[in-house]
Amino acid sequence: MTEINPVTTLTREGDVAVLTLNSPPVNALSAQVREGLFNGFKAAAASDAKAVVLICEGRTFIAGADITEFGGGPTGAASVDDVQKIMESSPIPVIAAIHGTALGGGLEVALCAHYRVAVPSARLGLPEVALGLLPGAGGTQRLPRIVGVETALEMMTSGRHVPAPEAARLGLVDEIVEEGGLREGAVAFANKAVAEGKPLVKVSANNARLEAAKGHPEIFAAFRKANARKFRGFVAPESNIRCIEAAVNSATFAEGMAEEHRLFRELMAGPQSAAQRYYFFAERQANKIPDVPADTPVRPIRKVGIIGAGTMGGGIAMNFANAGIPVVIVEVQEVALTRGLGVVRANYERTASRGGLTAEQVATRTGLITGSLEMSALADVDLVIEAVFERMDIKKEIFAKLDGLCRPGAILATNTSYLDIDEIASATKRPQDVIGMHFFSPANVMKLLEVVRADATAKDVIATVMKFAKQIGKIGVLVGVCNGFVGNRMLKQRQNEAQKLMLEGAMPWDIDRVLFDFGFPMGPFAMSDLAGLDVGWVKENSKSATVRDVLCEMDRRGQKTGAGFYDYDAERNAKPSPVTEGIIKDFMARTGAKPRAVSDAEILERTIFPLINEGAKILEEGKAIRASDIDVVWVNGYGWPVYRGGPMYYADQIGLPKVLAKMQEFQAAMGDEFKPASLLERLVAEGKTFADFKV
Ligand code: CAA
């Protein structure tokens, strides 16, 4: 064995040289890795080996460029390009042996091997778009040469990790080898390549798939049109598309590469990629809890109980069934239970009818969810999640019962979205086992899980729920007990301001447009119409006290009744409503308010800055561990555009002095509800940012 450098070694298996890379955690292409690969391939070519296999140790093949190095200066080490050139021009066959994930720069390196073999569980993809980038190491030029233009467009703009069997069908992988037998399989493939005199395939020289797309600009036009909604606001998808266009239309590979480099540099220098890279690490940081170390033991979760078969309970149950964990749902009334289980089944069947699940998967998942009318069905579960309606007395009664019947060590969670979890925990003799698990609706779709730590919650309970969140495909963020926790507490500020602005002269559709253009999927009024204006509205008590009351009294209850703040046509397209405008104006006249012109800039600042100010209060009260956790909540739970990082990151970018000055201006004009958070004042005085803040 020859040690090339601390992360690469070269060994021999008969005629085949095996270059092994071991750079935890994910074998990212750091300077040391590039150096090791370059010198390793050089040494292999200089030896009498007849082929060379590149294989990685640890959890994965190369998972991409080292994102932590982005923005740094030149390192003097071999570049990715140097590594790729030495591979592609190697005089002996180069075989990439892939397990785990070959992503971004990792796949781009593999695309310079002459052949690729993979185990069935491996996944391959170019996910740079998620970092606001494009595959800048020739990926945009090589991928369409193998998989064709349409598949390359889809893969690069979605960033999807393609499973190895599919990659083999696409031609991206040449052979699937047995799970657990990657090294042997790759060496056998190499020996076969040598014995059969297989050609040294250079993907960059393979133009046949591109020729097929030449003279067909409609492929790109149709793709742009079909995805316009999905790409709205993002710059990277369009740059990815342009690179593939360049691959098709350039006279040479080098010309396409030049366009790739130009567009890559542009994205890398832009604000969106900076925000998306920040967000990538923010999401991973959220898993780190200062007083709950990574090695905290976790409690086994083999079976889950859910109380309440409503929309929330059913959606939560689906998460566990999707992860293969049995769930029992407990309801008081048989009709409610039957209806709830029916909704879950219908959800699965709808997914299946769109091709998202096989009939067998539907059967397995629905089979994992059982119903019961008896609380005693929860006696053997490891985790209970209570998802009944928001009444403290009912929740306390349920938790007292759970205390009596659940086995010792079971985790008792509540899905409350604003109630005091310490008070709920006080109904038990085991408050250390009580925690909040705040799912977002629809619970089987939304990625966010606010994990709410109460005063007495045990560390291993926190560790278990955070880890389990990942297992069920959620992004867990640890927050503290306060009204509305992190997300809803901040949202309330935005909602209040939107309502107030409407009564100062801004129409609902103006407010919605500003927030939509900022990047939210929809504004607050469109959202209310979607959810139903009558949520929490009681006809008997309604006295035309708010615009919403008046709308509901007129049976304008939102999309479901064909009208709410907006008017809707048969296809549910929203139109600004003269009726609503009239109601608002009458309402203002009644209360003596004088309409004034409200600018778009004011709408944005009035709705966003108070929300940021609330985030600052949350931070100083220690209800979130760090500013980036708040950003993770907003991106995953509230549609904050990831290309703007999150509210706290956004505030840091526009400058905290600007946010503070505006809040002071609002306070002077409109009162103390705009009083700046003392943390905001302090950070500005110290010339610091939210990112600098540490509890
Ligand atoms: N660079 C640097 N660090 C990375 C990294 C990368 N490309 N990918 C992952 N890491 C780090 C993570 O920050 C994390 O560090 P901590 O443990 O200190 O938090 C650690 O590796 C493990 O990552 P995960 O917690 O995400 O582990 P996982 O097993 O859930 O997922 C993964 C592994 C699928 C590889 C996931 O980390 C991932 O998607 N990584 C990013 C892949 C990517 O986007 N690659 C493209 C990079 S850009 C590029 O390559 C540009 C180019 O073309 C030149």
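Owing to the predicted nature of the structure, the values given are computational and were not obtained by experimental measurement. (Residues numbered from 1 in each chain as written. Predicted model: local features only at pLDDT ≥ 70, side-chain atom pairs only at ≥ 80, totals over all residues. Heavy atoms only, no water.)

(A) Structural view of the packing of aromatic side chains. Under the definition given, this model contains 18 aromatic pairs. Seen from their ring centres, Tyr115 and Phe189 are 5.5 Å apart, and the 55° between their planes marks the pair as tilted. Here the residue Tyr115 occupies a position in strand E7 (residues 115–118), and Phe189 occupies one in helix H7 (residues 182–196), the gap between them amounting to 74 residues. For Phe189, a relative accessible area of 4% corresponds to the buried category. Ring centres of Phe518 and Tyr650 lie 5.1 Å apart, and the angle between their planes is 90°; this geometry places the pair in the edge-to-face category. Taken together, the residues Phe518 in helix H20 (residues 508–518) and Tyr650 in helix H26 (residues 647–654) connect sequence positions 132 residues apart. Each member of the pair, Phe518 as well as Tyr650, is classed as buried. We note Arg232 situated over the ring of Phe516; from NZ or CZ to the ring centre the distance is 3.4 Å. (Phe/Tyr/Trp six-rings, centres within 6.5 Å; stacked < 30°, edge-to-face > 60°. Helix = DSSP H or I, 4+ residues; strand = E, 2+ residues; numbered from the N terminus. Buried < 20%, exposed > 50% of the residue type's maximum accessible area, 1.4 Å probe, protein only. Lys NZ or Arg CZ within 6 Å of the ring centre and 35° of its normal.)

(B) Layout of the pattern of salt bridges. By the definition in use, this model includes 53 salt bridges. Taking the shortest distance from any N to any O, the salt bridge between Arg407 and Asp382 comes out at 2.7 Å. With Arg407 in the loop between helix H16 (392–405) and strand E15 (411–414) and Asp382 in the loop between strand E13 (369–372) and strand E14 (383–386), the pair connects residues that are 25 residues apart, well separated along the chain. Looking at Asp382, the relative accessible area reads 4%, which means it is buried. It is possible to trace a salt-bridge network through shared partners that takes in Glu497, Lys500, Glu504, Arg596, Glu602, Arg606 and Glu673. (Salt bridge = Lys/Arg side-chain N within 4 Å of Asp/Glu carboxyl O.)

(C) Up close: the site of the ligand. Lining the immediate environment of the ligand, one finds 25 residues, of which Ala65, Gly105, Glu108, Arg284 and Lys288 sit closest. The side chain of Glu128 places a nitrogen or oxygen atom 2.8 Å from an oxygen atom of the ligand. Residue assignment for the shell around the ligand shows that the elements contributing at least two residues are strand E6 (101–103), helix H3 (105–110) and helix H12 (271–285). The biggest single contributor to the shell around the ligand is H12, with 3 residues. In terms of residue class, the shell around the ligand is built from 13 nonpolar, 5 polar and 7 charged. (Near = heavy atom within 4 Å. Polar contact = N/O pair within 3.5 Å; in protein donor to acceptor, adjacent residues only side chain to side chain. Nonpolar A, V, L, I, M, F, W, Y, C, P; charged D, E, K, R; others polar.)

(D) Geometry of helix H18 (residues 459–471). Between its first and last C-alpha, H18 extends 18 Å over 13 residues, near the 18 Å set by a 1.5 Å rise per residue. Among the residues of H18, Val461, Ile462, Ala463, Thr464, Val465, Met466, Phe468 and Ala469 are the ones counted as buried. Just downstream of H18 lies Gly473, where phi reads positive at about 80°. (Expected span 1.5 Å × (residues − 1).)

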